[in-house]
Structure formats: C-alpha cells, structure tokens
Amino acid sequence: MARKLDVLVCELCEREVQSLSRHHLVPREEGGRYGATAELCQPCHSTLHLTFNNRELAILYNSIPALRQAEPLQKYLNWVKSKRIEKIANRRGKSVDACFILNA
C-alpha cells in the first residue's frame, strides 16, 4: 500500500509547496532565537527578508496576521497565490535580480 504524501502549506501565502523553511517571527538577532516560528515557502521567506529589516520584523510584523496585512507585501501576496513557483533567487541590495523556477 502506498503511503500518502504529506501536504506542505506555506503559512503566509497558503499555497501547497514541495518544501518549507522555518522563519523566526522575531528574528534571532532581535532576541527571537527561542520564540515563535512559522513554516514558509522559500519565495515568501526570501521576500520577507528583502522587504523588511530585522527590526521591522521584530516590532511591526511578528505574526502571520501582521505579515498578511503589511502594505508592502500586498502586491507580492496577490501575485504569488496563483503561481506554482517553488524557488526565487534574489539578492539583497538596491537592485533586485530575481530568477523564478516554476514547478512543472
């Protein structure tokens, strides 16, 4: 009998994905090493850290509801919810180069 595969769902964009990464809701550098975490897909996790600095994440966006309501993320969240994207390669800095890998 075949084993049923676990369904992985990103807590931020709520998409089914192949893998998740652990995001500290209060960044470790801001005292959140042992605090609450959320399981996010790699595109959401990368986008959070490109959009906000650790201080902003710790003070303003330290929960999934706060992140979902964050004005700077609205365009991204509306875009990603209908995509089958698994990875996004981007660099932090003034110019962001993005490379998307779609799940076939």
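Residues numbered from 1 in each chain as written. Predicted model: local features only at pLDDT ≥ 70, side-chain atom pairs only at ≥ 80, totals over all residues. Heavy atoms only, no water.

### Focus: the overall build of the chain
Argument step 1. Looking only at helices and strands, the chain features 4 helices and 6 strands.
Argument step 2. Scanning the chain from its N terminus toward the C terminus, one meets helices and strands in the order β-β-β-β-α-α-α-α-β-β.
Argument step 3. For the chain, the proportion of its 104 residues judged to be buried stands at 35%.
Argument step 4. In the chain, 48% of the contacts between residues at least 6 apart in sequence involve partners at least 24 apart.
Argument step 5. On the chain, roughly 7300 Å² of surface is accessible, and the fraction owed to carbon and sulfur atoms is 50%. (Helix = DSSP H or I, 4+ residues; strand = E, 2+ residues; numbered from the N terminus. Buried < 20%, exposed > 50% of the residue type's maximum accessible area, 1.4 Å probe, protein only. Contact = heavy atoms within 4.5 Å. Areas by Shrake-Rupley, 256 points an atom, 1.4 Å probe, with all protein chains shown as cover.)

### Describing the nonpolar core
Argument step 1. Counting residues in each nonpolar core, the largest one holds 21 residues, and the members touching the most others are Leu 12, Leu 40, Cys 44, Phe 52 and Leu 67.
Argument step 2. Secondary-structure elements contributing two or more residues to this core are strand 4 (37–40), helix 1 (42–51), helix 3 (64–69) and helix 4 (74–80).
Argument step 3. With 3 residues, the top contributor of residues to this core is helix 4.
Argument step 4. Setting aside residues no more than four positions away along its own chain, Leu 67 makes contact with Leu 12, Leu 25, Leu 48, Phe 52, Leu 57, Tyr 61, Leu 73 and Leu 77. (Core = buried A, V, L, I, M, F, W, Y, C linked by side-chain atoms within 4.5 Å.)

### A word on the pairing of strand 4
Argument step 1. Side chains Ala 38 and Leu 40 of strand 4 all project onto a buried face; the interleaved residues Thr 37 and Glu 39 project onto a face where none is buried.
Argument step 2. Where strand 3 (residues 21–24) lies against strand 4, 4 bridges are found, and the strand directions are antiparallel. Residue pairing for strand 4: Arg 22 is matched across the bridge by Glu 39. (Pairing = 2+ DSSP bridges.)

### Observations concerning the packing of aromatic side chains
Argument step 1. Under the criterion given, the structure shown has 2 aromatic pairs.
Argument step 2. Judged by centre distance (4.3 Å) and plane angle (35°), the rings of Phe 52 and Tyr 61 are tilted.
Argument step 3. Residue Tyr 61 is classed as buried on the basis of its relative accessible area, which comes to 15%.
Argument step 4. Seen from their ring centres, Tyr 76 and Trp 79 are 6.3 Å apart, and the 45° between their planes marks the pair as tilted. Placement of the pair is Tyr 76 and Trp 79 together in helix 4, with a separation of 3 residues, close to one helical turn.
Argument step 5. Judged by its relative accessible area of 12%, Tyr 76 is buried.
Argument step 6. Residue classification places Trp 79 among the partly exposed positions, given a relative accessible area of 33%. (Phe/Tyr/Trp six-rings, centres within 6.5 Å; stacked < 30°, edge-to-face > 60°.)

### Side note on unusual backbone geometry
Comment: phi is negative for the bulk of residues other than glycine, and the bulk of peptide bonds are trans.
Argument step 1. Of note, the phi angle at Glu 14 is positive, near 65°, even though the residue is not glycine.
Argument step 2. Structurally, Glu 14 can be placed in the loop between strand 1 (8–9) and strand 2 (16–17).

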